[in-house]
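# Survey of secondary and tertiary structure
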Amino acid sequence: MAREVWDRLLVEAKAMHEADQALTEFCPFPDDVTPQEVSYFHIPPHDLLIEETGFEDPETPIRRAFIDAGPLAKWRETYKGTDIGDDFMNRFGCYCLIGEGGPFHSDQMAAWVVYMPPHLHYPWHHHPGEEMYRVIGGEGRFMRKGKPDEWLKTGDACEHASNQPHALDTEDSPIMAYVVWRNGFETPPVLTH
């Protein structure tokens, strides 16, 4: 049953990814995807996502597939042990689809889903991996060092260069994003000071 849920999510992610010019130009969907075991790990933001009623845009198949797979996912605590604070740790949700801790592996690309409820600030951070966020629900303000802030809604995308500090804010709406890295998989994000 779990593998069927993961396979459906992979099909939806591939279909969305390959239909999106910005994503395919940033990083083609990998042709070396293989299944791997997942150890479920729960964090409080998963409960917030399940109960979320703030998405005003129509539900998409990819957003539904990520929500449906949430009860099987190894939710990440990326900033555990930092001074980021309990409010962020209890409200920021992220799990891997392709990559470490996810149900699939690729040497070409890593992919996650990120969820943030309304009124949350994702502090400035950076990583060697080049990254693209594609909003799959809701909206938020994307900030990148050296670039003007961008307000992105469902279907919009934003790219971050290697080690370019960036941050994200939500206001009255939540946000869900499909996040892709095309290199630097071995180094996790760190807060920018």
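In this report, the structure presented in the accompanying data block is examined. A quick note: this is a predicted structure, and the numbers were derived from the prediction, not measured. (Residues numbered from 1 in each chain as written. Predicted model: local features only at pLDDT ≥ 70, side-chain atom pairs only at ≥ 80, totals over all residues. Heavy atoms only, no water.)

Along the backbone of the protein chain there are five helices and eleven strands. Radius of gyration (C-alpha) of the protein chain: 15 Å, near the 16 Å computed for a compact globule of 193 residues. With respect to the three principal axes, the spread of C-alpha positions in the protein chain is 40 × 35 × 35 Å. Counting the 193 residues in the protein chain, one finds 49% classified as buried. Expressed as a percentage of contacts within the protein chain between residues at least 6 apart in sequence, the contacts between residues at least 24 apart total 75%. Surface summary for the protein chain: the accessible area is close to 9,000 Å², and the carbon and sulfur share equals 50%. (Helix = DSSP H or I, 4+ residues; strand = E, 2+ residues; numbered from the N terminus. Rg over C-alpha atoms; globule rule 2.2 N^0.38 Å. Buried < 20%, exposed > 50% of the residue type's maximum accessible area, 1.4 Å probe, protein only. Contact = heavy atoms within 4.5 Å. Areas by Shrake-Rupley, 256 points an atom, 1.4 Å probe, with all protein chains shown as cover.)

A separate point is the packing of aromatic side chains. As enumerated under the stated definition, the model contains eleven aromatic pairs in all. Ring geometry for Phe66 versus Tyr95: centroids 5.9 Å apart, planes at 65°, classification edge-to-face. One end of the pair, Phe66, is in helix α4 (residues 61-69); the other, Tyr95, is in strand β2 (residues 93-98), with 29 residues separating them in the sequence. Here Tyr95 falls in the buried class, since its relative accessible area comes to 0%. Seen in terms of ring centroids, Trp112 and Trp181 are 5.0 Å apart; in terms of plane orientation they differ by 70°. Their pairing is edge-to-face. With a gap of 69 residues between them, Trp112 in strand β4 (residues 110-116) and Trp181 in strand β10 (residues 175-181) connect regions that are remote in the sequence. By relative accessible area, which is 9% here, Trp112 ends up buried. Of the aromatic side chains, those joined through ring pairs into one cluster are Trp6, Phe66, Trp75, Tyr95 and Tyr178. (Phe/Tyr/Trp six-rings, centres within 6.5 Å; stacked < 30°, edge-to-face > 60°.)

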